[in-house]
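Spelled out from the first residue to the last, the chains are:
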Amino acid sequence: MASGTATAPYELRFDSGRICLDLLATTHPGERLDSAERLRAWIAGAGLVPAGTPLAGVDAGWLSAFRELRWNIGQLVGGELAGQPADEALAWVNAVARQAPPVPCAVRAEDGGLVRRLRARPDCGELLAAVAREAIELLTDPRARAGLRQCEGDNCPLVYLDTSRGRRRRWCSSEVCGNRERVARHRRRAALTRA
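Summary of the structure given here. (Residues numbered from 1 in each chain as written. Predicted model: local features only at pLDDT ≥ 70, side-chain atom pairs only at ≥ 80, totals over all residues. Heavy atoms only, no water.)

What follows covers the overall build of the protein. Across its full length, the protein holds seven helices and four strands. Overall, the protein shows an N-to-C arrangement of helices and strands of α-α-α-α-β-β-α-α-β-β-α. When the 195 residues of the protein are sorted by exposure, 39% land in the buried category. Residue pairs at least 24 apart in sequence account for 54% of intrachain contacts in the protein once pairs closer than 6 positions are excluded. Here the protein displays about 11000 Å² of accessible surface, and carbon together with sulfur accounts for 50% of that area. (Helix = DSSP H or I, 4+ residues; strand = E, 2+ residues; numbered from the N terminus. Buried < 20%, exposed > 50% of the residue type's maximum accessible area, 1.4 Å probe, protein only. Contact = heavy atoms within 4.5 Å. Areas by Shrake-Rupley, 256 points an atom, 1.4 Å probe, with all protein chains shown as cover.)

Next comes the structure, spelled out in structure tokens:
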């Protein structure tokens, strides 16, 4: 998995600043949650479950539920950025957030240190609730909400949380969209020089 690096269509990104925004990033440049295996990888990569948590129950129903949550969070975030409330999406996200998220506990590892585990195998609704609650926290925190940005990269629909000093970040990823912009700018200058 990549974190802020150029990605192949099957790779997942975790560089938006929030799990709910990372879920939105699974639609670009194409569908990245196209199998139960990729959804399991996204759940683990996003940190929704501790490393090594079995996710054998992930199936097509989970995939459909996560895509529906993604669509509603996308409507909600997009509406907030555009100043156009998405009340149906808001109601849906609020309803999903009602379920309790997975319950963590601390257990001793073989070396005697404490590690995080879940009290029980997580179900789909619990993990959806964790993502929905995070979206609610993001959108109801005025300071965090003020940091939401739409990527300035050509044809990039991704939204990220700008936590940079001075809030001057322009791209979802400097290594992806930022690099494309720098390469395009270099090519334009080279073409002008040749002309």
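The rest of the description comes next.
A few words now on the pairing of strand β2 (residues 114–118). When strand β1 (residues 104–108) meets β2, the two strands line up antiparallel, connected through five bridges. The partner of Arg108 across the bridge, within β2, is Leu114. Hairpin geometry of β1 and β2 is characterised by an intervening segment of five residues between the two adjacent antiparallel strands and by a positive phi of about 95° at Gly112. (Pairing = 2+ DSSP bridges.)

What follows is about the environment of Asn155. Residue position: Asn155 is located in the loop between β3 (148–150) and β4 (159–161). In this structure the C-alpha to C-alpha distance between Asn155 and His28, which are 127 residues apart in sequence, comes to 9.8 Å.

A few words now on the environment of Thr53. Inspection of the secondary structure assignment puts Thr53 in the loop between α2 (36–45) and α3 (60–82). Using a relative accessible area of 16% as the deciding quantity, one classes Thr53 as buried. When the C-alpha atoms of Thr53 and Pro122 are compared, they prove to be 8.8 Å apart, with 69 residues separating the residues in sequence. Not counting residues within four places of it along the chain, the set of residues in contact with Thr53 comprises Leu118 and Pro122.

Okay, the packing of aromatic side chains next. Applying the stated criterion across every chain, the model contains two aromatic pairs. Put simply, the rings of Phe14, Trp42 and Phe66 touch in pairs and so form one group of aromatic residues. (Phe/Tyr/Trp six-rings, centres within 6.5 Å; stacked < 30°, edge-to-face > 60°.)

Of the consecutive residues His28 and Pro29, the connecting peptide bond is found in the cis state with omega at 5°. Secondary-structure assignment places Pro29 in the loop between α1 (19–24) and α2.

On to the packing of helix α4 (residues 87–97) against helix α5 (residues 124–140), then. Each pair of packed helices can be summarised by the angle the axes make with each other and by the distance between the axes. Put simply, α4 and α5 touch, their axes get as near as 7 Å, and they point 130° apart. It follows from the interaxial angle that α4 and α5 lie oblique. Seen along the crossing, α4 lies across α5 with a hand that is left-handed. Contact residues: Val93, Asn94, Val96 and Ala97 in α4; Leu128, Ala129, Ala132, Arg133 and Ile136 in α5. Each residue belonging to the contact of α4 with α5 can be placed in one class, and the counts come to seven nonpolar, one polar and one charged. (Axes fitted to C-alpha atoms, helices over the stretch in contact; angles between N-to-C directions. Parallel < 35°, antiparallel > 145°, perpendicular 65-115°, else oblique. Left-handed = near helix turned anticlockwise from the far one by under 90°. Nonpolar A, V, L, I, M, F, W, Y, C, P; charged D, E, K, R; others polar.)

So, on to the packing of α3 against α5. Here α3 crosses α5 at 5°, and the two axes come no closer than 10 Å. The angle between the axes of α3 and α5 places the two elements in the roughly parallel class. Between α3 and α5, the residues in contact are Trp62, Ala65, Phe66, Leu69, Ile73, Leu76, Val77 and Glu80 and Cys124, Leu127, Leu128, Val131, Ala132, Ala135 and Leu139, respectively. Of the residues in the contact of α3 with α5, the class split is 14 nonpolar, no polar and one charged.

In this section: the pattern of salt bridges. Across all of its chains, the model carries five salt bridges by this definition. Across the pair Arg38 and Asp34 runs a salt bridge whose closest N-O atoms are separated by 2.4 Å. Judged by relative accessible area, which is 25%, Arg38 ranks as partly exposed. With a relative accessible area of 40%, Asp34 lands in the partly exposed category. Asp162 is paired through a salt bridge with Arg149; the nearest N and O atoms lie 3.8 Å apart. Separated by 13 residues along the polypeptide, Asp162 in the loop between β4 and α7 (174–194) and Arg149 in strand β3 bring together distant segments of the chain. Taking relative accessible area as the criterion, Asp162 reaches 0% and is therefore assigned buried. Residue Arg149 is classed as partly exposed on the basis of its relative accessible area of 23%. Connected via shared salt-bridge partners are Glu31, Arg67 and Arg70. (Salt bridge = Lys/Arg side-chain N within 4 Å of Asp/Glu carboxyl O.)

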